[in-house]
Amino acid sequence: MKKPGGHPILETPESVTGPWKGNVSIPCTYGPLQGYTQVLVKWLVQRDTGPVTIFLRDISGDHIQQAKYRGRLKVNDEALGDVSLQLKTLEMDDRSHYTCEVTWQTPDGKQVVKDEIIDLRVQKLSVSKPTVMTDSGYGFTVLQGTKISLHCQAQGSPPISYVWYKGQTNNSEPIIVTTLSTLLFKPAVVADSGYYFCTAKGRVGTEQRSDIVKFVVKESSKSLKNKSEAPTTIQSPLERTLTVNSSWGWTTEVHSYLGDTSAGPGKGLPIFVIILITSLCCMVVFGMAYVMFYRKKSQQEHVYEVFRVNSREASNSGETMRATVFESGCFSEEPASWTLGNEYSDEPRLDQEYQIIAQINGDYACLLHTVSPDHELLTTEGKSVC
């Protein structure tokens, strides 16, 4: 806009009210004109001693003139013709008259200065009724797997605390979901569907509650397709295998077996267990039979002969006495030519040698006394004597 004389004008409200401990924007705009160039922007605040510059923008940049406003003050520079003041974390002593002043250079090289005064009021505001919104582009009905947030927003003097609730289907008290202003689903699942609302409580006033919103999460077509195409689970032929009891004994727990689906607890041992036990029994029987046969054969092959010879009689008469002793303990006589001499005696003599072969538990011990010069040990053909 411009005045009848053709110069730009500033547009500002007469007063602005901001929340204590909150943020406020004091609008100040003008309509750009061809040939008019902005060269200086000032914001001033009225003090007891007069107006004090708190912000200055020139060709060198932006400058905050008062330490009190550093970090709290900013002037818009995003759009040509908008030089609104943004003030954060309002204090009660921020109440005052603020002046927006802009200087232009005209087409003929002259400068034009315009200003407007705005009254800033700071109040301790009660929190307003909160509103619930979703992320941009989403409604309250989404597909499963979507990452989405529900936002609870309220106006008032900060700090403002928020609480999110989800209603219950059994008419019981709603449950608290989160104590943040944003309720995030990452991602949303079907179980998240339900009725939600939020509350806001400010520094001043009572707690306010939002409207109830119905949030719906639907299964995606892909999930439904995967469910319909999912193969039927095939039960294992052997659901439960042999288990070892932690005690001293062994136990088996089997519910169903291959080829006998009707088998159940208390209906006998499974077929493979019976086969296993039968095989073990056969092995034990065959093993014992083999050991007994081998032992008998070994005992029959070990036959020893004991000879007692009287050297004097052998030299005179040429007769020899031979007695054969078998493992079984029985004696057998050799042909008549080997019979005992007439002077044979069963009583032991000092000049005789005895060789005794004894069997003790299948083992043979050979005890040999000292040999006297009168006797000798004879060997039979193909056999030896210990």
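Nothing here was measured: the structure is a model prediction, and the numbers come from that model.

Draft legend 1. Spatial organisation of the pattern of salt bridges. What the rule picks out here adds up to seven salt bridges. We note a salt bridge from Asp62 to Arg57, for which the minimum N-O separation is 2.7 Å. Overall, the relative accessible area of 42% leaves Asp62 in the partly exposed class. Its relative accessible area of 11% is what places Arg57 among the buried residues. A salt bridge links Asp211 to Lys129; the nearest nitrogen and oxygen atoms lie 2.9 Å apart. Linking Asp211 in the loop between strand E19 (208-209) and strand E20 (213-218) with Lys129 in the loop between strand E11 (111-123) and strand E12 (131-134), this pair joins segments that are 82 residues apart in sequence.

Draft legend 2. Main features of the nonpolar core. Judged by nonpolar contacts, the single largest core of 28 residues is most densely connected at Trp43, Ile54, Leu73, Leu87, Tyr98, Cys100 and Leu120. Put simply, the parts of the chain that give this core at least two residues each are strand E3 (24-26), strand E5 (37-47), strand E6 (50-58), strand E8 (73-75), strand E9 (85-87), strand E10 (96-105) and E11. Residues Val132, Val142, Ile148 and Trp164 belong to the second largest nonpolar core, which totals 18 residues.

Draft legend 3. Molecular detail of the sheet that holds E10. Spatially, six strands are ordered E2-E11-E10-E5-E6-E7 in an open sheet, and the strand pairing comes out mixed. Where the open sheet ends on each side, the last strands, each with one partner, are strand E2 (15-19) and strand E7 (61-64). Along the sheet, successive strands turn relative to each other by an average axial angle of 25°, direction set aside. Examined bridge by bridge, E10 and E11 share ten bridges and lie antiparallel to one another. Opposite Ser96, over in E11, you have Leu120 as the bridge partner.

Calculation criteria
- Residues numbered from 1 in each chain as written.
- Predicted model: local features only at pLDDT ≥ 70, side-chain atom pairs only at ≥ 80, totals over all residues.
- Heavy atoms only, no water.
- Salt bridge = Lys/Arg side-chain N within 4 Å of Asp/Glu carboxyl O.
- Buried < 20%, exposed > 50% of the residue type's maximum accessible area, 1.4 Å probe, protein only.
- Helix = DSSP H or I, 4+ residues; strand = E, 2+ residues; numbered from the N terminus.
- Core = buried A, V, L, I, M, F, W, Y, C linked by side-chain atoms within 4.5 Å.
- Pairing = 2+ DSSP bridges.
- Axes fitted to C-alpha atoms, helices over the stretch in contact; angles between N-to-C directions.

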